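The residues making up each chain are set out below.
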Amino acid sequence: MAASTKNVEEIRSRVILEEFGVKNVHTTDFPGNYPGYDDTWNLGRFKKNFSIDVVQLDKNNMEFDMVGIDAAIANAFRRILLAEVPTMAIEKVFIYNNTSIVQDEVLAHRLGLIPIRADPRLFEFRNSGEETAAEEGSEIDTIQLQLKVKCSRNPRASKDSSDPRELYLHHMVYSRDLKWVPIGNQADVFADAGIGPVDDDILIAQLRPGQELDIVMHCVKGIGKDHAKFSPVATASYRLLPEVTLLEQVEGEKAERIQRCFPRGVIELEEHNGQKVAKVVNSRLDTCSREVLRHDDLKNLVKLGRIRDHFIFTVESTGILQPDVLVTEAIKVLMSKCQRFLSELDSTDMD
């Protein structure tokens, strides 16, 4: 690719946001593309440039920066988080009695999507070839839950009341009504695990007097690639780190207007010789809306870009495992994939 020397580094490392398009969207730093640049992959250089910095971490959410890596690897990591980190979820639903207005298949689907708090690392994948044996499952590959609820009238309800919450008992079936039934020695092994739904206020069905549910469920280990109910994250996404550069000093009324073109915190105003001067404080907060490019007198004062190898990851867990654990497990899956690929190469060379 022909380019002047001063623009080469920008083309290699920045995505540029323009008024009617985006430039430099493709990776171009491959060996031999730019004279004078050694772009061959080097382990030492990769170790020096690569870093992961945790920005925010709480019970269900994590934000971290992954720097110095190609978009293909970052996206592979995101897809692994979504589809290849295993969890436990309801797979088989045995409905012994369902007199509610919710059809059996709809009810089974709703139950399957309830996140189950159970560490999948402590269980084995169930052998699909053992369908005849069991429906029972075993303590190493199955968690059994039971739902048994019957609605009845409240004898203490006021005669004038029309509120179902007062008229009926057990008319709202929630995830808290799912009870864990230990199999084998699970009661001892998982005594402190608190196996059950992650959230206890998920509405499953509504009943009326005389209606009841009698259901047994089997949870098994699986991955999101097989069914979305096994996905351990509510969302896993990334974006490139924004970069906002003021090309000249912006003062006065223009400074105030250019500040309003960005989300709060990106640009602040400072006093210099009695004039308000715009200053970029935190480009990370920019949403890359390009609002400033709509103004003819402002668009040539600023340059908008994104750093190509700086990924801001956001991971929101469903609550089954903490987000930092999910990230660690995703890295393990990626490592095993790489190892499997290397093993295949070795076996091909031997052949």
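Residues numbered from 1 in each chain as written. Predicted model: local features only at pLDDT ≥ 70, side-chain atom pairs only at ≥ 80, totals over all residues. Heavy atoms only, no water.

J.: So what exactly am I meant to see when it comes to the overall build of the chain here?
T.: Within the chain, the regular secondary structure consists of eight helices and 18 strands. Rg of the C-alpha trace for the chain: 28 Å, well past the compact-globule value of 20 Å for 351 residues, more than 25% over. Its C-alpha atoms give the chain principal-axis dimensions of about 80 × 75 × 35 Å. Looking at the chain residue by residue over its 351 residues, the buried ones come to 38%. At a minimum sequence separation of 6, the contacts of the chain that also span at least 24 residues come to 73%. For the chain, the exposed area adds up to about 20,400 Å²; of that, 49% sits on carbon and sulfur atoms. Taking the 44 positively charged and 56 negatively charged side chains of the chain as two groups, their mean positions are separated by 4 Å. (Helix = DSSP H or I, 4+ residues; strand = E, 2+ residues; numbered from the N terminus. Rg over C-alpha atoms; globule rule 2.2 N^0.38 Å. Buried < 20%, exposed > 50% of the residue type's maximum accessible area, 1.4 Å probe, protein only. Contact = heavy atoms within 4.5 Å. Areas by Shrake-Rupley, 256 points an atom, 1.4 Å probe, with all protein chains shown as cover. Lys, Arg positive; Asp, Glu negative; His and termini not counted. Charge placed at Lys NZ, Arg CZ, Asp CG, Glu CD.)

J.: In this structure, what is going on with the sheet that holds strand 14 (residues 212-222)? I would like to understand it.
T.: Backbone hydrogen bonds hold the strands of a sheet together, and the pairing may be parallel or antiparallel. A sheet is described by the order of its strands in space; here four strands give the open sequence 5-14-7-11, paired in antiparallel fashion. Single-partner strands in this sheet number two, and they are strand 5 (87-98) and strand 11 (179-181). The mean inter-strand angle of the sheet, taken between neighbouring strand axes irrespective of direction, is 30 degrees. Contacting strand 5, strand 7 (143-150) and strand 14, helix 4 (residues 104-112) runs over the sheet at an angle of about 150 degrees to strand 5. (Pairing = 2+ DSSP bridges. Axes fitted to C-alpha atoms, helices over the stretch in contact; angles between N-to-C directions.)

J.: Help me understand the side chain of Asp286 in this model?
T.: Of note, Asp286 is situated in the loop between strand 17 (275-280) and strand 18 (302-317). For Asp286, the side chain forms a polar contact with the main-chain nitrogen of Cys288, separated by 3.2 Å. Other than its neighbours up to four places away in sequence, Asp286 contacts Arg239, Pro242, Val244, Phe262, Pro263 and Val266. (Polar contact = N/O pair within 3.5 Å; in protein donor to acceptor, adjacent residues only side chain to side chain.)

J.: Which parts of the structure should I look at to understand the packing of aromatic side chains?
T.: Given two aromatic rings, one states the distance between the centres and the angle between the planes to describe the pair. Overall, the coordinates contain eight aromatic pairs when judged by the stated rule. With a centroid separation of 5.1 Å and 15 degrees between ring planes, the pair formed by Phe46 and Phe50 is classed as stacked. The exposure class of Phe50 is partly exposed, given its relative accessible area of 26%. Both rings, one in Tyr238 and one in Phe311, keep their centres 5.2 Å apart while their planes meet at 85 degrees; by these two values the pair is edge-to-face. With Tyr238 in strand 15 (residues 233-246) and Phe311 in strand 18, this residue pair connects regions lying 73 residues apart in the sequence. (Phe/Tyr/Trp six-rings, centres within 6.5 Å; stacked < 30°, edge-to-face > 60°.)

J.: Even after reading the chapter, I still don't get helix 7 (residues 252-260), so can you show me in this structure?
T.: Each α-helix turn comprises 3.6 residues. Residues three or four places apart therefore point the same way. Within helix 7, burial applies to Gly252, Ala255, Arg257 and Ile258. Looking at the buried positions of helix 7, the neighbouring elements they touch are strand 15, strand 16 (267-272), strand 17 and strand 18.

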